[in-house]
Amino acid sequence: MPLTRRRWLLLAIVIAIAAVTAYLLWWPTAVDPESWAPPEAKTWPVNQKLAGATLLYPELVGPEAILIDPEGRLVTGLVDGRIVRLSPSGDGPITTIANTGGRPLGLAYDARGQLIVADATRGLLSVSPAGEITVLATGHGGRRFRFTDDVAIAQDGTIYFTDASDRFTVTDYRLEIVEHRPRGRVLAYDPQTRAVTLIADKLHFANGITLGPGDAYLVVTETSSYRLRRIWLTGDRRGDVETLVDNLPGFPDNVRFSPAEQVFWVAIGSPRNHLLDSLAPHPFLREMIVRLPRALQPSPEAHSFALAFDSHGRVVHDLQATGDGAYAPVASVIDDHGILFLGSFMAHGIARLPAPSN
């Protein structure tokens, strides 16, 4: 090869390296990461207690939240916007209740039989038994809901729900995790006055929500901070926000209280990522992650993970599965008469298996 061609090739390589370096260092991104120090991850042995789960309705994609209707049937929302009703045994038809045209996530029935929906893109919705959709709320305090995530209804009819982020949408959930800024909030909707009230603010990826015993408090997952938060609704501590469980072994998604077992079931979407933890104190390096091709960015592991905690934050059940066939990522876990149902925001079908005994 002539010397001149060698020089041109070398120059082209240098220019390409410089361009890639400049892109990784300075190209504008949508994130503004904060520096934080995650708790040191504890050793959490892997088990296979979720192995062997039966997969129901594998043709359904992204059944995020699982709800049991008054007649014992399963109800869930899908990636394509449908809300469907299913047989808990997996042998019945798929009935479409409604299509929100958005991304239905959290679901709950109120006392009038209305299905209340936390739709990630459309806000807080109500679906009548006839399938008619009513928009209840789309924002509060001048801040539009960007990522309406989950919902829980108290005995007095108050609808509590989460807005995971006032900046990023459901399709950009990874950016919310990488940025790690307190953009999430918990709100309440009064069906009588139609007023929306702020319950708690400045949460890191406020995701799942559930009511505790006697509606005395809410439990909310902070996905990007690996913890469960308790928000008191009654008594002298009304309005207080405290940490119920800290230093979880992964990213918590939905949380559901089981009155029969008196435990909070927490879906762990994926184990913690060592790279993200190590870069937590370095916002500049975390911003570089966003500039990488999507295939090179951290993503959920194929690790099925569900935990149950008592009201003191102590682990009651630790259920996992890894390897081929593991149902993951897990987005929700509910216990219905001794049967666990697992949902996912991106996997196919609903997982079903016997609940563990105490």
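This report concerns the structure included in the present document. As the structure is a computational prediction, the values presented were derived from the model and not from experiment.

### Overview of the overall build of the chain
- Assigned secondary structure in the chain consists of four helices and 26 strands.
- Computed over its C-alpha atoms, the radius of gyration of the chain comes to 22 Å, within 12% of the 21 Å expected for a compact globule of 358 residues.
- By the burial criterion, 53% of the 358 residues in the chain qualify as buried.
- Considering only intrachain contacts with a sequence separation of at least 6, the fraction spanning at least 24 residues in the chain is 52%.

### Quick word on the side chain of Glu176
- Its location among the elements puts Glu176 in helix 2 (residues 173-179).
- No salt bridge is formed by the buried Glu176, whose closest oppositely charged neighbour, Arg183, lies at an N-O distance of 5.0 Å.
- With residues near it in sequence (within four places) discarded, Glu176 still touches Ala164, Ser165, Phe168, Arg181, Arg183 and Phe205.

### As for the sheet that holds strand 20 (residues 250-258)
- One open sheet holds the four strands; their spatial order is 20-21-22-23, and the pairing between them is antiparallel. Looking at which strands have only one partner, the edges of the open sheet turn out to be strand 20 and strand 23 (315-322). Adjacent strand axes in the sheet meet at a mean angle of 15°, parallel and antiparallel pairs treated alike.
- Bridge analysis of strand 21 (residues 263-271) against strand 22 (residues 303-309) gives four bridges, and the strand direction is antiparallel. Of the residues in strand 22, the one forming a bridge with Val266 is Leu307.

### Regarding unusual backbone geometry
- Cis geometry marks the peptide bond from Ala328 to Pro329; its omega dihedral reads -5°.
- Non-glycine residue Tyr226 carries a positive phi angle of around 60°.
- When its relative accessible area of 2% is taken as the criterion, Tyr226 is described as buried.

### Description of the packing of aromatic side chains
- Across all of its chains, the model carries eight aromatic pairs by this definition.
- On the numbers, 4.9 Å between centres and 45° between planes, the contact of Phe257 with Phe264 is tilted. Phe264 matches Phe257 in its accessibility class, with the two residues each being buried.
- Ring-pair connections join several aromatic residues into one group, and the members of that group are Tyr217, Trp232, Phe257 and Phe264.
- Lying across the ring of Tyr217, Arg230 places its NZ or CZ 4.8 Å from the centre.

### Here we look at the pattern of salt bridges
- By the definition in use, this model includes 18 salt bridges.
- Notably, a salt bridge pairs Arg237 with Asp240, separated by 3.6 Å at the nearest N-O pair.
- Salt-bridge contacts for Asp277 lead to Arg272; the nearest nitrogen and oxygen are separated by 2.9 Å. Side by side, Asp277 and Arg272 carry an identical accessibility label, which is buried.
- Salt bridges sharing common partners tie together Arg230, Arg237, Asp240 and Glu242.

What counts and how
- Residues numbered from 1 in each chain as written.
- Predicted model: local features only at pLDDT ≥ 70, side-chain atom pairs only at ≥ 80, totals over all residues.
- Heavy atoms only, no water.
- Helix = DSSP H or I, 4+ residues; strand = E, 2+ residues; numbered from the N terminus.
- Rg over C-alpha atoms; globule rule 2.2 N^0.38 Å.
- Buried < 20%, exposed > 50% of the residue type's maximum accessible area, 1.4 Å probe, protein only.
- Contact = heavy atoms within 4.5 Å.
- Lys, Arg positive; Asp, Glu negative; His and termini not counted.
- Salt bridge = Lys/Arg side-chain N within 4 Å of Asp/Glu carboxyl O.
- Pairing = 2+ DSSP bridges.
- Axes fitted to C-alpha atoms, helices over the stretch in contact; angles between N-to-C directions.
- Phe/Tyr/Trp six-rings, centres within 6.5 Å; stacked < 30°, edge-to-face > 60°.
- Lys NZ or Arg CZ within 6 Å of the ring centre and 35° of its normal.

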